Amino acid sequence: MRTFICICLCALAGCLSAQNCTSALLPMPNRILFGKEKPFAVHSGKTCIYLNQSELEFAAHSLQDILHDRMQVEVPFSKSDRADIRLLIDPAMDGEEHYRLETNTKGMVIRGKTAAAVYYGVMTVDQLLLGDMCVTAQKKISSVIIDDAPRFSYRALMLDPARNFLPVEDVKFFIDQMVRYKYNTLQLHLTDDQGWRVEIKEYPGLVGKDYYTQEQLADLIQYAAKRHVEIVPELDIPGHTVAILATYPELGCTHTDTLPKIVGKTLDLMLCANNEKVYTVYRNIIKEISELFPSRYIHLGGDEAVVEKNWTKCERCQAMMKELGYQKASQLMIPFFDRMLTFVQENGKTPILWCELDRIYPPANDYLFPYPKNVTLVSWRGGLTPTCLELTRKYGNPLIMAPGEYAYLDYPQYKGDLPEFNNWGMPVTTLEKCYQFDPGYGVSAADQAHIQGIMGTLWGEAIRDMNRVTYMTYPRGMALAEAGWTQMEHRDWESFKKRLYPNMMNLMKKGVSLRVPFEIVNRK
């Protein structure tokens, strides 16, 4: 009876809108071929899953859960490579995240060069079943071939528990949602003026009431790794450092030693550039962070340093300027980061910094200071990304695209919409604006070859809990996911809008708070 009702509802839905196995694919795959064979019928207890490598177990369990959720069928594992459903690691395939999904009357095969690639194929199966509801209701999967690989290898979202703490279980919930859309990186902004959120064994006084123990982070890192998400830690320096200066005021500049430092209220202080203890402390901190996080990267911030209020007035910093023959205090970033980046590299990590230019508004002409070539930069300031793109190409720095006008997801989604507090006059970043984002900015393939990928940021000043995090993320995070994965020739706003609806309904069923983008509907 349930299947009969579903089929009747599907027939009605088919009259109202075009519906097929691509109706919920998001991000849109880069190559789809529709098969002419009859759908693959899934039979509970009879259809089995074979995997050729043990590292595919999580993907296989995920597929079992998907088939149970979408079709109410139980699909066991099989040791036979003749099983109807096969998950295969194929080293001969090109591209670390390249997968090929083929479904026909006989069964389904998902193959990829890596376990991550196969996992993305499984996520695509979930969306095939979600969008093709009429066929899914009959416990069948339409005949299709999807041969897919991402445009960019780095597809990130950033959370900011430094401003407003997010419990581990909430971060896990966030990871569960982002992997649906093939994000593979989560940056955690762990330190700022409002809090130090990571336990450092050598300096236990750094943390306050709400923080992550190293054991909790190890569990979170493992949870993310199973879902092929790399967690990148960020420790912001030399500015955004009130949390550490409140515990160790001697790390600041000479004229700020005796100033009161209230975490969450005091702003605009910096670490001293000419204080040996600063480097000793951070060498130890970076060593612990490197041992805790298996990520290739450590992000050291480098943004919004209020140099004129700190290094310009500091006796030690001024003495260093004179010794080095510098004309501007901002030049002290050179020796400061020369040492800090060495600490990152001696632990086998690649440093990331926010890209700062010689002006914070257009036009800008050059970097704030000469970044070493081995530093990956993140473009973020509104209007300056084209300049940052050109400079990183010129100087040879890898680049991650997170331009404020497209990728700052803490900004309001519609005029008058949230956030309702700590809104400093944020510009509006609509869903359509996010979707317009071309990370390559239309330049030649050669001139964008150094772009590693994209990142959507969720700064926490106006985001107090996970419900607000996901409200600000979705559906805009779906648009950014397509910008990071899908080639421009396969992207289309009208198609995206149609594919959006089943995905939004799916997230709502999973208990995800999101914003309904009513403004994209053409009211008649």
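Residues numbered from 1 in each chain as written. Predicted model: local features only at pLDDT ≥ 70, side-chain atom pairs only at ≥ 80, totals over all residues. Heavy atoms only, no water.

Participant: Go over the overall build of the protein, please, and point to the residues and values.
Facilitator: Helix and strand counts for the protein stand at 16 helices and 17 strands. Along the first, second and third principal axes, the C-alpha atoms of the protein reach 80 × 55 × 45 Å. The 524 residues of the protein split such that 58% are buried. Long-range contacts, defined here as pairs at least 24 residues apart, represent 75% of the contacts in the protein between residues at least 6 apart. Carbon and sulfur atoms make up 52% of the accessible area of the protein, which totals about 21900 Å². (Helix = DSSP H or I, 4+ residues; strand = E, 2+ residues; numbered from the N terminus. Buried < 20%, exposed > 50% of the residue type's maximum accessible area, 1.4 Å probe, protein only. Contact = heavy atoms within 4.5 Å. Areas by Shrake-Rupley, 256 points an atom, 1.4 Å probe, with all protein chains shown as cover.)

Participant: Could you give an account of the packing of aromatic side chains, with specific residues and numbers?
Facilitator: According to the stated counting rule, one finds 25 aromatic pairs in the structure shown. A centroid spacing of 6.3 Å and a plane angle of 70° characterise the contact between Trp354 and Trp380, whose relative ring orientation is edge-to-face. Here Trp380 lies in the loop between strand S15 (376-379) and helix H11 (385-395) and Trp354 lies in strand S14 (residues 350-354), a separation of 26 residues in the sequence. With respect to burial, Trp354 and Trp380 carry one shared label: buried. (Phe/Tyr/Trp six-rings, centres within 6.5 Å; stacked < 30°, edge-to-face > 60°.)

Participant: Tell me about unusual backbone geometry, and name the residues and values.
Facilitator: Cis geometry is found at the peptide bond from Pro362 to Pro363, where omega equals 0°. In this structure, Pro363 sits in the loop between S14 and S15. Put simply, Tyr474 and Pro475 share a cis peptide bond, and its omega is 15°. Looking at where Pro475 falls in the secondary structure, it is placed in the loop between helix H14 (466-473) and helix H15 (476-485). In the Ramachandran plot, Gln72 falls in the positive-phi region, its phi being about 60° despite a non-glycine side chain. With respect to the helices and strands, Gln72 occurs in the loop between helix H2 (57-71) and strand S4 (85-89).

Participant: Break down the confidence of the model for the protein for me, with residues and values.
Facilitator: Caution applies to low-pLDDT regions: their predicted coordinates should not be interpreted in detail. Looking at the protein, pLDDT values average 95 and 96% of them are 70 or higher. Low pLDDT, under 50, characterises residues 11-17; the stretch is placed with one contact to residues that sit more than four places away or in other chains. (pLDDT = per-residue confidence, 0-100.)

Participant: Can you explain a nonpolar patch on the surface? Please cite residues and give values.
Facilitator: On the surface, Tyr414, Val516 and Phe518 cluster together to form a nonpolar patch covering roughly 260 Å² of accessible area. Structurally, the position occupied by Tyr414 is in the loop between helix H12 (404-407) and helix H13 (431-435). Here Tyr414 falls in the partly exposed class, since its relative accessible area comes to 32%. (Patch = residues over 30% accessible without salt bridge, like charges linked within 9 Å, V, L, I, M, F, W, Y side chains within 5 Å. Salt bridge = Lys/Arg side-chain N within 4 Å of Asp/Glu carboxyl O.)

Participant: I'd love a proper account of the packing of helix H5 (residues 168-178) against H14, names of residues and values included.
Facilitator: The geometry of a pair of packed helices is captured by two quantities: the angle between their axes and the separation between those axes. Contact geometry for H5 and H14: axes closest at 10 Å, N-to-C directions at 20°. Relative to H14, the element H5 lies roughly parallel. Here H5 and H14 pass one another in a crossing that is right-handed. Residue-level inspection shows Asp170, Val171, Phe173 and Phe174 of H5 in contact with H14, the latter providing Met466, Val469, Thr470 and Thr473. Tallied by class, the residues present in the contact of H5 with H14 amount to five nonpolar, two polar and one charged. (Axes fitted to C-alpha atoms, helices over the stretch in contact; angles between N-to-C directions. Parallel < 35°, antiparallel > 145°, perpendicular 65-115°, else oblique. Left-handed = near helix turned anticlockwise from the far one by under 90°. Nonpolar A, V, L, I, M, F, W, Y, C, P; charged D, E, K, R; others polar.)

Participant: Report on the packing of H5 against helix H6 (residues 214-226), specifying residues and quantitative values.
Facilitator: Close contact between H5 and H6 brings their axes to 10 Å; oriented N to C, the two are set at 10°. Accordingly, the angle class assigned to the pair H5 and H6 is roughly parallel. Remark: the crossing between H5 and H6 carries right-handed chirality. Across from Val168, Val171, Lys172, Ile175 and Asp176 in H5, the residues of H6 making contact are Gln216, Asp219, Leu220, Tyr223 and Ala224. The residue inventory of the contact of H5 with H6, partitioned by class, reads six nonpolar, one polar and three charged.

Participant: Go over the nonpolar core, please, and point to the residues and values.
Facilitator: The biggest cluster of nonpolar side chains holds 154 residues, and the ones touching the most others in it are Ile244, Ile285, Leu300 and Trp311. Residue contributions to this core peak at eleven residues, all from helix H3 (residues 115-131). Not counting residues up to four positions away in its chain, the partners in contact with Trp311 are Pro238, Cys253, Met270, Leu271, Cys272, Ala273, Cys317, Gln318, Ala329, Leu332, Met333 and Phe336. Met158, Tyr297, Tyr408 and Met426 belong to the second largest nonpolar core, which has 18 residues in total. (Core = buried A, V, L, I, M, F, W, Y, C linked by side-chain atoms within 4.5 Å.)

Participant: I'd like to hear about the pattern of salt bridges, residue by residue, with values.
Facilitator: Should the charged atoms of two oppositely charged side chains come close, the side chains can pair. Going through the model one piece at a time under the given rule, you end up with 32 salt bridges. We note a salt bridge from Arg155 to Glu97, for which the minimum N-O separation is 2.8 Å. With a gap of 58 residues between them, Arg155 in strand S9 (residues 154-159) and Glu97 in the loop between S4 and strand S5 (99-104) connect regions that are remote in the sequence. This pair shows no difference in class: Arg155 is buried, exactly as Glu97 is. What emerges from the salt-bridge pattern is a single network uniting Arg31, Arg100, Glu102 and Asp147.

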